[in-house]
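Summary of the model geometry
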Amino acid sequence: MFPISSERPQDAAQLETLLDLTFGPDRSAKTVYRLREGVAPIKALSFAVRDSEAKLLGSIRYWPISIGSAAAPAVLLGPVAVHPDYQGQGIGRALIRHSLYAATRQGHKLCVLVGDKPYYEPFGFVNAPAYGLELPGWVDPERFQVMELAPGALQGVSGMIGKPPGSRTRRKAA
Ligand SMILES: CC(C)(COP(=O)(O)OP(=O)(O)OC[C@H]1O[C@@H](n2cnc3c(N)ncnc32)[C@H](O)[C@@H]1OP(=O)(O)O)[C@@H](O)C(=O)NCCC(=O)NCCS
């Protein structure tokens, strides 16, 4: 089993390479990147899997977000990436499970993501547009998902996903 640890500043260069490898260099054109621009990832929810020589095999990060006018602390999951040579060995699922547990313990109430429904559904993610949640740009509605980290957290919550209070979101289709 591959141990999960916190991301370190010295992972930065390897992380860029890993994300280029798994998502392609034009990944920043995606709608979710509009929510990340100018906002730092949540350090306490940035995890890595490395081999014994510190090669980065997998990574997961989360960003703080706002939802409509709700005060419930919410997070955007992703990107999650596993090096192509190590995919299919459980690293992705382990990173997601570990980080969702940490997010819950840290008091976050809701988690949203844009990703493949069949991969995320088993963790408890459900269709986000069905709850009136919106993104500042086009995404396939099937891929936009949300999960309650606290029971009932979705109650009364709807509207546009944005950057956390104090920052601004630019509208752009992607
Ligand atoms: C998606 C990703 C993070 C999964 O990590 P991983 O370590 O390979 O996945 P795991 O080993 O934990 O899980 C493998 C299982 O998930 C399934 N799976 C992997 N990617 C999937 C996807 N995009 N959609 C549906 N199922 C997927 C595999 O078929 C496998 O199923 P099985 O256990 O029934 O055989 C990894 O493949 C990756 O980095 N992909 C490229 C980047 C990416 O697309 N990231 C975001 C996903 S929306």
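Here is a short report on the structure shown in this document. Remember, predicted model here, so these are calculated numbers, not experimental data.

**Here we look at the nonpolar core**
With 24 residues, the main nonpolar core has Tyr62, Leu77, Leu100 and Phe125 as its most contacted residues. Of all the elements in the fold, those that place two or more residues in this core are strand 2 (47-50), strand 3 (56-67), strand 4 (70-82), helix 3 (91-105) and strand 5 (110-114). The dominant element in this core, judged by the number of residues it contributes, is helix 3, at six residues. Look past the residues within four positions of Tyr62 in its chain and what remains in contact with it is Pro41, Ile42, Leu45, Val75, Leu76, Leu77, Gly78, Ile96, Ser99, Leu100 and Cys111. Core analysis: the next-biggest nonpolar cluster, separate from the first, contains 22 residues, Leu35, Leu76, Leu110 and Val112 among them.

**Section: the pattern of salt bridges**
Pairing between side chains becomes possible if they bear opposite charge and their charged atoms approach one another. Counted by the stated rule, this structure contains nine salt bridges. Taking the shortest distance from any N to any O, the salt bridge between Glu7 and Arg61 comes out at 2.7 Å. You can see Glu7 sitting in the loop between strand 1 (4-6) and helix 1 (12-23) and its partner Arg61 sitting in strand 3, a full 54 residues away along the chain. Exposure remark for Glu7: the relative accessible area of 22% places this residue in the partly exposed category.

**Notes on the environment of Arg50**
Within the secondary structure, Arg50 is located in strand 2. In the structure, Arg50 is positioned 49 residues away from Met1 in sequence and 11 Å away in space, judged by C-alpha atoms. Only 2.9 Å separates the side chain of Arg50 from the backbone oxygen of Ser6, close enough to count as a polar contact. For Arg50, the side chain forms a polar contact with the side chain of Asp11, separated by 2.8 Å.

**Observations regarding the site of the ligand**
Not every one of the 16 residues close to the ligand is listed here, only the nearest: Val82, Gly88, Gly90, Gly92 and Asp116. The backbone of Val80 places a nitrogen or oxygen atom 3.1 Å from a nitrogen atom of the ligand. Within the side chain of Asp116, one N or O atom sits 2.5 Å away from a nitrogen atom of the ligand. For the ligand, whose free accessible area comes to 860 Å², the fraction covered by protein is 65%. Across the shell around the ligand, the residue classes break down as seven nonpolar, seven polar and two charged.

**Describing the pairing of strand 5**
Among the five residues that make up strand 5, four are buried, leaving the element largely enclosed by the rest of the structure. Summarising the sheet, strand 5 and strand 8 (residues 144-148) pair through five bridges and their orientation is antiparallel. The residue bridging Val112 from the neighbouring strand is Val146, located in strand 8.

**A look at unusual backbone geometry**
Note: most residues except glycine have negative phi, and most peptide bonds are trans. Omega for the bond connecting Gly78 with Pro79 falls within 30 degrees of zero, at 5°, which places this linkage in the cis form. Looking at where Pro79 falls in the secondary structure, it is placed in strand 4. The phi torsion at Ala54 lies on the positive side, around 70°, for a residue other than glycine. In this fold, Ala54 is placed in the loop between strand 2 and strand 3.

**Thoughts on the environment of Glu16**
By secondary structure assignment, the location of Glu16 is in helix 1. A sequence separation of 90 residues divides Glu16 from Gln106, and the C-alpha atoms of the two residues are 27 Å apart.

Calculation criteria
- Residues numbered from 1 in each chain as written.
- Predicted model: local features only at pLDDT ≥ 70, side-chain atom pairs only at ≥ 80, totals over all residues.
- Heavy atoms only, no water.
- Core = buried A, V, L, I, M, F, W, Y, C linked by side-chain atoms within 4.5 Å.
- Buried < 20%, exposed > 50% of the residue type's maximum accessible area, 1.4 Å probe, protein only.
- Helix = DSSP H or I, 4+ residues; strand = E, 2+ residues; numbered from the N terminus.
- Contact = heavy atoms within 4.5 Å.
- Salt bridge = Lys/Arg side-chain N within 4 Å of Asp/Glu carboxyl O.
- Polar contact = N/O pair within 3.5 Å; in protein donor to acceptor, adjacent residues only side chain to side chain.
- Near = heavy atom within 4 Å.
- Areas by Shrake-Rupley, 256 points an atom, 1.4 Å probe, with all protein chains shown as cover.
- Nonpolar A, V, L, I, M, F, W, Y, C, P; charged D, E, K, R; others polar.
- Pairing = 2+ DSSP bridges.

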